Amino acid sequence: MSALKPILSKKTDKELLFYINNIDKHTDEAVQLALAELQLRNVELPETITSDITGKLNVRTIQTLQGKEEVWTENIDEYLEAPECYTKTAVYTFSILFSVLLGAYMLAVNCKATGRRMWPVALFGVLYTLSLPFVLGFIKLDSIGFGYVANSVVTLVMYELFWNSELERDFKCRAKPILIPLIIGIIIAIFIFIRIVILKNK
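Basis of the calculations
Residues numbered from 1 in each chain as written. Predicted model: local features only at pLDDT ≥ 70, side-chain atom pairs only at ≥ 80, totals over all residues. Heavy atoms only, no water. Buried < 20%, exposed > 50% of the residue type's maximum accessible area, 1.4 Å probe, protein only. Helix = DSSP H or I, 4+ residues; strand = E, 2+ residues; numbered from the N terminus. Arc of directions from axis to C-beta. Expected span 1.5 Å × (residues − 1). Polar contact = N/O pair within 3.5 Å; in protein donor to acceptor, adjacent residues only side chain to side chain. Core = buried A, V, L, I, M, F, W, Y, C linked by side-chain atoms within 4.5 Å. Contact = heavy atoms within 4.5 Å. Phe/Tyr/Trp six-rings, centres within 6.5 Å; stacked < 30°, edge-to-face > 60°. Lys NZ or Arg CZ within 6 Å of the ring centre and 35° of its normal. pLDDT = per-residue confidence, 0-100.

### Quick notes on helix α2 (residues 13-21)
Part 1 of the argument: Inspection of α2 places Leu16, Tyr19 and Ile20 among the buried residues, and these make up the whole buried set. Viewed along the axis of α2, the buried residues span an arc of 90°, placing them on a single side of the element. Turned more than 90 degrees away from the buried face of α2, the exposed residues are Lys14 and Asn21.

As structure tokens, this is what we get:
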């Protein structure tokens, strides 16, 4: 049994009402227990109080997880059922800073989450990554700056081909955590740094 339950059971109706009317000042558990205690006492409450509190708690949970002040909350139930996808900003950033292949992986994960085919975007990322060194060698250019420019252009093309073309531009989804791409990106950055050091020492 929760340690809060016996504590809240000793509070007055007015004190319990303060919990459910000031959700931002209390934990989810405290609010839910206060509501349950009020209902147990048959205190008169609005008919929609349960759904209202649940919705507000869900909004707070989403805001906490995403670290944002504003999130899509037009329909909280629809939001919670929406697929998790990497945001366009995340895909662009990781593709440009680290690798188009990493961006292609993230976009492929998005495609899978929304029931689209993964292999076209994955193949696109692999072919670009494999061909880039040959292209740079052919034009006798090995510049990190040029690589960033190329990544930026290719990322825009990739997103247009494999995301915007298949989904509505206002398609709604939940933001997927970027921890795994971040770890992969750091590993890629380390390899790039080592390569630069080796080339400079030659």
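### Looking at helix α7 (residues 100-113)
Part 1 of the argument: With 14 residues, α7 extends 20 Å from end C-alpha to end C-alpha; this agrees with the ideal 20 Å at 1.5 Å per step.
Part 2 of the argument: Most of α7 sits inside the fold, with 10 of its 14 residues counted as buried.
Part 3 of the argument: Among the residues of α7, Val100, Leu102, Gly103, Ala104, Met106, Leu107, Ala108, Val109, Asn110 and Cys111 are the ones counted as buried.
Part 4 of the argument: N-cap assignment for α7: the residue whose side-chain oxygen lies 3.0 Å from the backbone N of leucine 101 is serine 99.

### A word on the nonpolar core
Part 1 of the argument: Counting residues in each nonpolar core, the largest one holds 23 residues, and the members touching the most others are Phe94, Met106, Leu107, Val121, Tyr128 and Met158.
Part 2 of the argument: Listing elements by their share of this core, those giving two or more residues are α6 (88-97), α7, α8 (119-138) and α9 (144-164).
Part 3 of the argument: No other element matches α7, which puts eight residues into this core.
Part 4 of the argument: If we skip the residues at most four places from it in the chain, valine 121 touches Ala104, Leu107, Ala108, Cys111, Met158 and Phe162.
Part 5 of the argument: Leu8, Val31, Val43 and Leu57 belong to the second largest nonpolar core, which has 15 residues in total.

### Quick notes on the packing of aromatic side chains
Part 1 of the argument: If you walk through the whole model with that rule in mind, you get one aromatic pair.
Part 2 of the argument: Residues phenylalanine 94 and phenylalanine 98 carry aromatic rings whose centres are separated by 5.6 Å and whose planes lie at 40° to one another, so their mutual orientation is tilted.
Part 3 of the argument: A relative accessible area of 19% places phenylalanine 98 in the buried class.
Part 4 of the argument: One residue, lysine 176, lies across the ring of tyrosine 86, its end atom 5.8 Å from the ring centre.

### Digging into the side chain of histidine 26
Part 1 of the argument: In this structure, histidine 26 sits in the loop between α2 and α3 (28-40).
Part 2 of the argument: Setting aside anything within four residues of it in sequence, one finds histidine 26 in contact with Phe18, Tyr19, Val31 and Arg60.

### Some remarks on the confidence of the model for the chain
Part 1 of the argument: Chain-level pLDDT for the chain is 78 on average; 76% of the residues reach the 70-or-more range.
Part 2 of the argument: Across the chain, element-level confidence peaks in α2 with a mean pLDDT of 89 and bottoms out in helix α5 (residues 76-81) with 56.
Part 3 of the argument: Note on residues 69-77: pLDDT under 50 across the span, and 15 contacts to partners over four residues away in sequence or across chains.

### A word on unusual backbone geometry
The phi angle of most residues is negative, glycine excepted, and most peptide bonds adopt the trans form.
Part 1 of the argument: Not every positive phi belongs to a glycine, and asparagine 42 is a case in point at roughly 60°.
Part 2 of the argument: Looking at the secondary structure, you find asparagine 42 in the loop between α3 and α4 (49-66).

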